[in-house]
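# Examining the three-dimensional arrangement
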Amino acid sequence: MFKVAIVGMGYIAQNHIAAMKTMSDVQIAAVISRSPEKGAKAAAEANCKHYFTLDDALANEQLNVVDICLPTYLHEEYAIKAANAKCHVLCEKPVTFELESLDRMIAACEKNGVRFMVAQVARWWPEFIAVKEYVDQGKLGDIHMVYEKRCCQHPTWSTWHRDPAKSGGGLYDLNVHDIDYLYSLFGKPNRVYAIGWKSASGCWNHVCTSLEWEGGPKAICETSLEMTGNWPFSIELRATGDKGTIAYALTAGVNINDGTRGSNLNWYPAGEENTYPLNVEQTDMFAGEIGEFFAAIRENRPAAVTPQDSRNVLEIVVAIRKSLEEGCVVEL
């Protein structure tokens, strides 16, 4: 039985609680929050105890997993503390801001013989899974261009995203979804070049990045946390090869779970006039990623997102930041 402590009781933690409650060999043994109200509510939902600190939970519960759902600047501290307590670590994205920080987190987990995985949920988005299957099976042929867009307003459930020291802004908090997904398709690119807009608080919140793979595809990735007016949370993913184009689009409310989502995934084969809508089973992406983490521990195998994968993705994001700040192409 996996006995889990979930640290942080924000929006993401609520999704993690709901997913874990569906898993027969997972018990949420503790929720950790500094807020009495949030902690009590989450503890009632998860049928467990609320603690104000991870130290208290570790002292009073027999835990073997810690799930970190805190703002990014706190991830290293809690990951190392959990690893030193011999607990496996699931950590929300973005994992941290600098490679040296991630290296310390990975080293602590390796030293203590525990599993470490970054929760890159976009890999388990149903339509993104379908697009990856088309790419991996060669249905697109030689891929020429990929376009990804994830544009929204600031989330309404918190304000810490606006502080670059806590979240890294859109460059880290939002952009990392699509950079990780592109990495899952094609590996680490050879070079990146980015242009963007920085908010008054110092966050790179609207970023457009070009990525190139030597002898392979090129991609454009657009990210924004600064859309205006009534702009809806929106995602686009389009990949074009010599055998066809696959395209996905989603619009929601101001937040991703607000209102009625409208989405579609279509296949446009080369040389045909027909459009083929692809019906994709709608599975819970949080249950998918969290289930994979526990399965990897249970089966004593690497998880789908390895620590080295997460390091490579962070290296790409750091390179994008360098390109934004220096106005240069960055080789990887």
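Residues numbered from 1 in each chain as written. Predicted model: local features only at pLDDT ≥ 70, side-chain atom pairs only at ≥ 80, totals over all residues. Heavy atoms only, no water.

Per the UniProt record, "domain: Gfo/Idh/MocA-like oxidoreductase N-terminal" (unreviewed entry) is annotated on residues 2-119. Secondary structure across residues 2-119 divides into 43% helix and 25% strand, with the first and last C-alpha atoms of the span separated by 17 Å. (UniProt positions renumbered as here; feature names shortened; annotations may be inferred. Helix = DSSP H or I, 4+ residues; strand = E, 2+ residues; numbered from the N terminus.)

Okay, the sheet that holds strand β3 (residues 49-51) next. Ordered by their spatial adjacency, six strands build an open sheet running β3-β2-β1-β4-β5-β6, and the pairing between neighbours is parallel. With partners counted over all chains shown, the strands left at the sheet margins are β3 and β6 (116-119), one partner each. Ignoring which end each strand starts from, the neighbouring axes of this sheet average 25 degrees apart. Taken together, the six bridges between strand β1 (residues 2-7) and strand β2 (residues 26-32) define a ladder with parallel strand orientation. Bridge pairing in β2 places F2 opposite V26. Helix-sheet contacts for helix α2 (residues 36-46) involve β2 and β3, and the interaxial angle to β3 is about 155 degrees. (Pairing = 2+ DSSP bridges. Axes fitted to C-alpha atoms, helices over the stretch in contact; angles between N-to-C directions. Contact = heavy atoms within 4.5 Å.)

To continue, consider the side chain of E148. Note on placement: E148 falls in strand β7 (residues 143-151). For the buried E148, which has no salt bridge, the nearest side chain bearing the opposite charge is R150, at an N-O separation of 4.8 Å. In this structure E148 touches F128, D178, Y181, L182, I220, C221, E222, E236 and L237, once residues within four positions along its chain are discounted. (Buried < 20%, exposed > 50% of the residue type's maximum accessible area, 1.4 Å probe, protein only. Lys, Arg positive; Asp, Glu negative; His and termini not counted. Salt bridge = Lys/Arg side-chain N within 4 Å of Asp/Glu carboxyl O.)

This part takes up the pattern of salt bridges. For the coordinates displayed, the defined rule picks out 18 salt bridges. The partner of E98 in a salt bridge is R321, with the nearest N and O atoms 2.9 Å apart. Of this pair, E98 sits in the loop between β5 (88-92) and α5 (99-111) while R321 sits in helix α11 (residues 307-326), placing them 223 residues apart in sequence. Judged by relative accessible area, R321 falls into the buried class, the value being 18%. Counted as one network, the salt bridges with shared partners bring together R191, E212, E214 and E331.

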